[in-house]
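Geometric and topological summary
The lines below spell out each chain.
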Amino acid sequence: MTTKKILVLAGDCIGPEVMVQARRVLDWLNKTGAASFEFEEGLVGGASYDAHGTPLTEDTIKLAHASDAVLFGSIGGPKWDGVDYDLRPENGLLRLRKAMGLFANLRPAIVFDALAGASSLKNELVQGLDIMIVRELIGGIYFGEPRGIEELPDGGQRGYNTQAYATDEILRIAHVAFDLARKRDSRVCSVDKANVMESGVVWRDVTTTLRDESYTDVELSHMFVDNCAMQLVRTPKQFDVILTDNLFGDILSDLAAMLTGSLGMLPSASFGAVAEDGRQPGLYEPVHGSAPDIAGQNLGNPLAQILSTSMMLRYSFDMAKEADLVENAVEAVLSKNIRTGDIVADGVAAVGTTQMGDAVLEEMAALAG
Ligand code: NAD
């Protein structure tokens, strides 16, 4: 068994609290001999700013490059509200994504049976929901040039950004979506705004050609983003894999997240290109932020962090059996009505962060026999 190096960047506020529970899951796998993990720990976000005057140091970037995967917590908080824009905690994550070349962001929106009632939609619309949103992460309008704010002669201002996608950028993210679809229900819905944006026309052409040349076993459909937003709240179960750009993916994945009930349940994974030595950069993090309002009180739901860990096992380490074990343990805990405050059921007392971690570990041990 090869030893895998994991860089743990817990971050700020509830980040370190929920990370402790994810680490317990990994330590358990180490202890039982199911895995061999080595850990490095680093600072990021506000914690790094406090220690080093920057939300991400070059040393941390080097550690990320040297690791087999990065497990990330969450960053930010009111403490750093007054910090210069470039040095804000959130910038640490943006810079890390860029430095690791993480162009693909995977966000599953899965509704656990026991939590279907927590969705804002009717039970029958979301029961069994299992969507994977594949979002392009380092291109498009968030990074396009030119960008800026200019002063106008009339005393007003004009802010502008550029949406642009080239064939190679679309191809690499489309490959990720098609490959993933093959392991699921073999359906990709590519989302764009080709009716009014040229970047969408190119996006549509490139995805269609790729499908016809290399993925004829996968069904490809196209949808305009406004329709997709509507369909996600009308009949979300029609989707398998949704492929989309950076801006649309940002919005649609938050919308899909809410179908599942709580931010505290949602994991995510981001990947870079496979290098010549076969290694692929991967960063795993919960979708939620640092939840400063509940930090330090043992109130955070650690399940999104724990499920991010199971994505790491599945996608970076090819450990499907262990990933299934973690996910089945989470499902078992929820079906026993063990809940943190954010997903608590009527008439049930909420447990804390640590107790939720205890419950997951107990179920893992029971399921592993
Ligand atoms: P948030 O996700 O931190 O919190 C939104 C609400 O959800 C809060 O009421 C919070 O208590 C609750 N919540 C979030 N995660 C939870 C969990 N695991 N368990 C229980 N409840 C949970 O979003 P926000 O309040 O808009 O942002 C707070 C800070 O986090 C800001 O500084 C923001 O910039 C940062 N942020 C960081 C990331 C990241 O690290 N990737 C993502 C989003 C926001």
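Before reading on, note that the structure itself is shown above.
Residues numbered from 1 in each chain as written. Predicted model: local features only at pLDDT ≥ 70, side-chain atom pairs only at ≥ 80, totals over all residues. Heavy atoms only, no water.

1. A look at the packing of helix α6 (residues 167-182) against helix α7 (residues 198-214)
Viewed as axis vectors pointing N to C, α6 and α7 meet at an angle of 50°, and their least axial separation amounts to 9 Å. Comparing the axis directions of α6 and α7 gives the class oblique. For the crossing formed where α6 meets α7, the hand is right-handed. Contact with α6, carried on its side by T167, I170, L171, I173, A174, H175, F178 and R182, involves V202, W203, V206, T207, L210, R211 and S214 of α7 and no other residues of that element. Grouping the constituent residues of the contact of α6 with α7 by class yields nine nonpolar, four polar and two charged. (Axes fitted to C-alpha atoms, helices over the stretch in contact; angles between N-to-C directions. Helix = DSSP H or I, 4+ residues; strand = E, 2+ residues; numbered from the N terminus. Parallel < 35°, antiparallel > 145°, perpendicular 65-115°, else oblique. Left-handed = near helix turned anticlockwise from the far one by under 90°. Contact = heavy atoms within 4.5 Å. Nonpolar A, V, L, I, M, F, W, Y, C, P; charged D, E, K, R; others polar.)

2. A short note on the nonpolar core
In terms of nonpolar packing, the biggest core is built from 64 residues, with F37, L106, V134, L303, L313, V360 and M364 touching the most fellow members. The dominant element in this core, judged by the number of residues it contributes, is α6, at eight residues. Residue-level mapping places this core at the junction of two domains, with at least three residues from each of domain 1 (1-103 + 272-369) and domain 2 (109-136 + 165-262). Every residue in contact with L303, bar those within four places of it in the chain, is listed here: G264, M265, V330, L334, I343, M356 and V360. Core analysis: the second largest hydrophobic core is formed by 20 residues, A116, F248, L252 and A256 among them. (Core = buried A, V, L, I, M, F, W, Y, C linked by side-chain atoms within 4.5 Å. Buried < 20%, exposed > 50% of the residue type's maximum accessible area, 1.4 Å probe, protein only. Domains from an automatic or database assignment.)

3. Details of the packing of aromatic side chains
Counting across every chain of the model gives six aromatic pairs. Taking the centre distance of 5.2 Å and the plane angle of 75° together, the rings of Y165 and W203 count as edge-to-face. Placement of Y165 in the loop between β7 (157-160) and α6 and of W203 in helix α7 is noted, with a sequence separation of 38 residues between them. Accessibility expressed as a relative area gives 2% for W203, which makes it buried. Their ring planes at 75° and their centres at 6.1 Å tell us that F271 and Y284 sit as a pair that is edge-to-face. One end of the pair, F271, is in strand β11 (residues 267-271); the other, Y284, is in strand β12 (residues 282-286), with 13 residues separating them in the sequence. Across the pair, exposure class does not vary: F271 and Y284 are buried alike. Taken together through their ring pairs, the aromatic side chains of F37, F39 and F317 make up a single cluster. The positively charged end of R23 is found above the aromatic ring belonging to F39, 3.7 Å away from the centroid. Note that K98 overlies the ring of F143, its terminal NZ or CZ placed 4.3 Å from the centroid. (Phe/Tyr/Trp six-rings, centres within 6.5 Å; stacked < 30°, edge-to-face > 60°. Lys NZ or Arg CZ within 6 Å of the ring centre and 35° of its normal.)

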